[in-house]
Amino acid sequence: TGQKNRSVITYYDEDLQPVGSQILPFAMLESPSSTPQVKDGRVYLSPVGLFSVKNEKEVLALDLDTGKYERHNTTQVVKLGLAVDNQYLYTSNKLNFDAKICKTDLQSGEVQSKSFGGEVTIGDLFLIDGRLYAFVLKNNGQTKLQSLIYVLDPENLSVLQEIDVS
């Protein structure tokens, strides 16, 4: 819910029958634009915060066996995309006309960010075969938006390729 710092996660079995639930002290555990990621027995969630504030900058790593969670700072509020590998957590957002991708070291907590400017909005992120893929909307100065996929180097977040999918 976005009204108070309380959310409920319901767990289901393979037949989609509820088998348990868990209450967590966070408002809006996910936004409609951010997809949770499951990796190595953990689900990564990006809380948004209360409707009126939307100030959560963390991503939660919820252990599916124990129900315990770790918090990972991203420095970003209202995260639009989320991806995770064995070493880093990647998030995207657009705030104050500036699209950014943040890379958080899961061990040290160090956060690096790269700005992509105001003409793009970066949404979903995916890690596939050692590359980071970002779904991008680009405003080319007209009323028409261009749909792109950025193929990025996950180490330095540089764009290796732009694929037009408009």
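Residues numbered from 1 in each chain as written. Predicted model: local features only at pLDDT ≥ 70, side-chain atom pairs only at ≥ 80, totals over all residues. Heavy atoms only, no water.

1. What to know about the sheet that holds strand S5 (residues 58-63)
Spatially, four strands are ordered S3-S4-S5-S6 in an open sheet, and the strand pairing comes out antiparallel. Sheet topology places strand S3 (37-39) and strand S6 (69-73) at the edges, where each strand pairs with a single neighbour. Within this sheet the neighbouring strands show an average axis-to-axis angle of 25°, counted without direction. Bridge count between S5 and S6: five bridges; the pairing is antiparallel. (Pairing = 2+ DSSP bridges. Helix = DSSP H or I, 4+ residues; strand = E, 2+ residues; numbered from the N terminus. Axes fitted to C-alpha atoms, helices over the stretch in contact; angles between N-to-C directions.)

2. Focus: the sheet that holds strand S7 (residues 81-84)
Taken in spatial order, the four strands line up as S7-S8-S9-S10 in an open sheet, and their pairing is antiparallel. Single-partner strands in this sheet number two, and they are S7 and strand S10 (111-117). Direction aside, the axes of adjacent strands within the sheet are offset by 15° on average.

3. A closer look at the pattern of salt bridges
Close approach of charged atoms allows side chains with opposite charge to pair. Applying the stated rule across the entire model yields four salt bridges. Between glutamate 70 and arginine 42 there is a salt bridge; the shortest N-O distance is 3.1 Å. Residue glutamate 70 is located in strand S6, and its partner arginine 42 is located in strand S4 (residues 42-45); the two are separated by 28 residues in the primary sequence. Note that lysine 138 and glutamate 119 form a salt bridge whose closest N and O atoms lie 3.8 Å from each other. With a gap of 19 residues between them, lysine 138 in strand S12 (residues 131-139) and glutamate 119 in the loop between S10 and strand S11 (120-128) connect regions that are remote in the sequence. A relative accessible area of 18% means that lysine 138 is categorised as buried. On the basis of relative accessibility, which here comes to 43%, the residue glutamate 119 falls in the partly exposed class. (Salt bridge = Lys/Arg side-chain N within 4 Å of Asp/Glu carboxyl O. Buried < 20%, exposed > 50% of the residue type's maximum accessible area, 1.4 Å probe, protein only.)

4. Overview of the nonpolar core
By size, the foremost hydrophobic cluster in this structure holds 16 residues, and its most contacted members are Phe116, Ile122, Leu125 and Tyr150. Within the residue set of this core, elements represented by two or more residues are strand S8 (88-95), strand S9 (98-105), S11, S12 and strand S13 (145-152). In contact with tyrosine 150, other than residues within four places in its own chain, are Phe116, Val120, Leu132, Tyr133, Ala134, Val136, Val159, Gln161 and Glu162. (Core = buried A, V, L, I, M, F, W, Y, C linked by side-chain atoms within 4.5 Å. Contact = heavy atoms within 4.5 Å.)

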